[in-house]
Amino acid sequence: KWFFWLSGLSFYVSQFLSRGLNFHLLNHYAYTWLGVLAIAFTVAIFYRIAALVLPDQAKTLTIVALLLVGAVSAYSLFNGIRTPVVKEVTVPMNQLPRELSGFKVVQLSDIHLESYKSKGIIVKIVDKVNALKPDLVVITGDLIDGGAHGEPHFCDQLKRIKATHGTIAITGNHEYYAGMKTFLELCQCAGIRVLRNESVTIAGHLQVVGLEDDEGQRLNKGPNLDLALYNCDHSKPVLMLY
């Protein structure tokens, strides 16, 4: 009982300590516990259905469920700490002029930069991006999390991104949680252009449209497609970030 009580309260305590006292040691356990709990809850739903169908196999199903929670949790931890894997996707665009054929866009998402996390991850991510030699880099939300402010390391690393036509970012829900001011200051420091229901033309032909995250609706700044497309030339190809 004590274990479950303390684990259940760990997230709230970790948030209080990290935001109020700049003490982040408990964050790793708290977030891991939240993940394991979500996985266990999902497995428990299927376990209950199976137990209704096979009531005589309750013990075996319980063992299988516990093993499944452990296996999925272990895989999730491994997947969470490794450097992101590159996935290549070819997007046919009929309106794209011949001179832009093979235009390479590297998309990053949900990096969740935060002061208590390993500083080495962003270094590896930037190195991997630069190795791809992109024409354009887009960051589609959740670049930062709660404690990204006051960390010049993040700005220095993001500045190292090399793309022919620069880097563009849009907001995610965590930009609102962490603070829009922090997000915009980091992007300005790193030379990243932020599109908030806006568009920009790249290489004279490719129009990139950036929509605001839904979380912005709380502050009357949600996604507005009409506004974002207002200055677009529809005879040219459009790449929408959302």
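To be clear, the structure that these remarks concern was listed above.
Everything in this summary refers to the structure shown in the same document. (Residues numbered from 1 in each chain as written. Predicted model: local features only at pLDDT ≥ 70, side-chain atom pairs only at ≥ 80, totals over all residues. Heavy atoms only, no water.)

1. Notes on the overall build of the protein chain
Here is step 1 of the chain: The number of helices and strands found in the protein chain is eight helices and seven strands.
Here is step 2 of the chain: The dimensions of the protein chain, computed from C-alpha atoms along their principal axes, are 65 × 45 × 40 Å.
Here is step 3 of the chain: Taking all 242 residues of the protein chain together, 38% fall into the buried category.
Here is step 4 of the chain: Of the contacts formed within the protein chain by residues at least 6 apart in sequence, a portion of 73% connects residues at least 24 apart. (Helix = DSSP H or I, 4+ residues; strand = E, 2+ residues; numbered from the N terminus. Buried < 20%, exposed > 50% of the residue type's maximum accessible area, 1.4 Å probe, protein only. Contact = heavy atoms within 4.5 Å.)

2. Notes on unusual backbone geometry
Here is step 1 of the chain: The residue Lys 133 is not glycine, and still its phi comes out positive at about 50°.
Here is step 2 of the chain: Even without glycine at this site, Asn 220 takes up a positive phi of about 55°.
Here is step 3 of the chain: When you line up the elements, Asn 220 lands in the loop between β6 (206-210) and α8 (225-228).
Here is step 4 of the chain: Accessibility expressed as a relative area gives 77% for Asn 220, which makes it exposed.

3. Regarding the sheet that holds strand β1 (residues 105-108)
Here is step 1 of the chain: Strand order in the open sheet formed by four strands is β1-β2-β3-β4, and the pairing between neighbours is parallel. With one partner strand each, in any of the chains shown, β1 and β4 (192-194) form the two edges of the open sheet. Taking the axes of each pair of neighbouring strands and ignoring which way they run, one obtains an average angle of 25° across the sheet.
Here is step 2 of the chain: Sheet topology places strand β2 (residues 136-140) next to strand β3 (residues 167-170); four bridges connect them, and they run parallel. Bridge pairing in β3 places Ile 139 opposite Ala 169. (Pairing = 2+ DSSP bridges. Axes fitted to C-alpha atoms, helices over the stretch in contact; angles between N-to-C directions.)

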